[in-house]
Amino acid sequence: MEKNPAFKNFSSKRVFLTGHTGFKGSWLCTLLLKAGAEVTGFALPPEEISLFRLAGLEGKMNSIYGDIRNFDVLWNAFNATKPEIVIHMAAQPIVRESYRNPVDTYHTNVMGTVHILECIRRSDSVGSILNVTTDKVYENKQWPWGFRETDPLDGFDPYSNSKSCSELVTHSYYHSFLAKRGIAVSTARAGNVIGGGDFSADRILPDCVRAVQAGIPIRLRNPNSLRPYQHVLEPLSAYLLIMQRQMENPRLAGWYNVGPDAGDCISTQALAELFCEAWGAGACWECACENGAPHEDAALTLDCSKLRLALGWRPRWDIRQAVEKTVQWTQNWLSGGDISACMEQQIDTYFRYPPVEENYRKDGIMRCRRTAKRY
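Structural notes, computed from the coordinates. Nothing here was measured: the structure is a model prediction, and the numbers come from that model.

Notes on helix α5 (residues 102-122)
Link 1 in the chain: For α5, spanning 21 residues, the distance from its first C-alpha to its last is 29 Å, which sits close to the expected 30 Å at 1.5 Å a residue.
Link 2 in the chain: At M111, α5 is bent by approximately 30°, the largest bend along its length.

Right under this line is the structure:
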């Protein structure tokens, strides 16, 4: 990774990362530390079983525990850090939880964004910010083609809608306050993320792991739902690339979809079958469709042309590899293996692996390197 030019500008930079104790936040902390950044994290304390604890990250960075909904606590941590770069990831990220607790979801996802942007407005140190939202921000009309950044924002459920609001808040702060100061601002709308160390409830692969641990079939609520699944290192590499490029050229700041190739937008059933194949040991799944369950979109895909054309980003691992790496990490954890060493190995492997398109063309003929079964 040290040889990757996309991360050269993070060395010795003061980075303020909200949501650092979560699944994606823990992987991002590891990447930033490898890039030589001075990382300060602000988030709620991690769960007892969490990637943040398993990877031993607390002793490697400045970790501050606080609630993004409390502006005074956030401002004190922010002002003491004087960050140059801000990455906002703190969120209530679960759709079904947003139905159970909509007020807390809006408070965290909307006012949390207001609070971090207000800290930036009051600060004179920040030059670059990325707000991480979700692919679910769009008004989903179940189109068979991918959503583009110019499509209307209007998420259906409280989680998705609150993230749409977070986007609008970011746009307003940029146009009202930050643009005139030359602060580069982007948002990243990432697809469904999988990878080792995700212990969240109501997420497909963590549910798969819990099922095989219990020796029962994996129960799928919506086996036919289509989603743009990708390994966690894919969007994180894109986030860092966006930050890198907008620091070099503020004109590249904007709103970016971050997702896999179209062929890796697969159904929940297909994902479960790939997991069972990779896990072995008789892992299997069954349909557990729920009558009267909360609404979840049947199909959601992204058009990531802007990110690829403007910044040259490409995915490196296809969906089969993403599942295999997730299973590898999980089985390493269950067997008592070295978590940090496993993460380091996967990160190094990822950044040595060529982007997908580099393996497509041979002898003037388009060839696909993928071995994953098409569903």
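Here's the deal with unusual backbone geometry
Link 1 in the chain: Of note, S12 is a non-glycine position whose phi angle comes to about 65°, a positive value.
Link 2 in the chain: Residue classification places S12 among the partly exposed residues on the basis of a relative accessible area of 49%.

What to know about the environment of P223
Link 1 in the chain: Mapped onto the elements of the fold, P223 is located in the loop between β8 (218-220) and β9 (226-228).
Link 2 in the chain: Taking C-alpha positions, P223 is 10 Å from E273, a pair spaced 50 residues apart along the chain.
Link 3 in the chain: Apart from residues no more than four positions distant in its own chain, P223 is found in contact with S267, T268, Q269, W285, C287 and C289.

Brief notes about the packing of helix α7 (residues 204-214) against helix α9 (residues 268-279)
Link 1 in the chain: Interaxial distance between α7 and α9 falls to 11 Å at its minimum, and their mutual angle equals 45°. The orientation of α7 relative to α9 falls into the category oblique. The way α7 lies across α9 gives a crossing that is right-handed. Two secondary-structure elements touch here, α7 through I204, L205, C208, V209 and V212 and α9 through T268, L271, F275 and W279.

Examining the state of the cysteines
Link 1 in the chain: A full pass over the atoms with the stated rule returns zero disulfides.
Link 2 in the chain: In this model C265 remains outside any disulfide bridge; the closest cysteine sulfur is found in C304, 7.9 Å from its own.
Link 3 in the chain: Here C265 falls in the buried class, since its relative accessible area comes to 12%.
Link 4 in the chain: In this model C284 remains outside any disulfide bridge; the closest cysteine sulfur is found in C276, 6.4 Å from its own.
Link 5 in the chain: According to the relative accessible area criterion, C284 is partly exposed, its value standing at 38%.

Some remarks on the environment of K180
Link 1 in the chain: Residue placement: K180 occurs in the loop between α6 (158-178) and β6 (184-190).
Link 2 in the chain: Its relative accessible area of 67% is what places K180 among the exposed residues.
Link 3 in the chain: There is a polar contact of 3.2 Å between the side chain of K180 and the backbone oxygen of S176.

Concerning the nonpolar core
Link 1 in the chain: F10, W27, L28, L32 and I87 are the most contacted members of the largest nonpolar core, which totals 50 residues.
Link 2 in the chain: Considering every element that reaches this core, the biggest residue donor is helix α8 (residues 233-248), with eight residues.
Link 3 in the chain: The contacts of F10, once residues within four sequence positions are left out, are V15, L32, A35, G36, A37, I85, L240, M243, Q244 and M247.

About the thresholds
- Residues numbered from 1 in each chain as written.
- Predicted model: local features only at pLDDT ≥ 70, side-chain atom pairs only at ≥ 80, totals over all residues.
- Heavy atoms only, no water.
- Helix = DSSP H or I, 4+ residues; strand = E, 2+ residues; numbered from the N terminus.
- Expected span 1.5 Å × (residues − 1).
- Bend = angle between axes of the 7 residues up to and from the residue.
- Buried < 20%, exposed > 50% of the residue type's maximum accessible area, 1.4 Å probe, protein only.
- Contact = heavy atoms within 4.5 Å.
- Axes fitted to C-alpha atoms, helices over the stretch in contact; angles between N-to-C directions.
- Parallel < 35°, antiparallel > 145°, perpendicular 65-115°, else oblique.
- Left-handed = near helix turned anticlockwise from the far one by under 90°.
- Disulfide = S-S within 2.5 Å.
- Polar contact = N/O pair within 3.5 Å; in protein donor to acceptor, adjacent residues only side chain to side chain.
- Core = buried A, V, L, I, M, F, W, Y, C linked by side-chain atoms within 4.5 Å.

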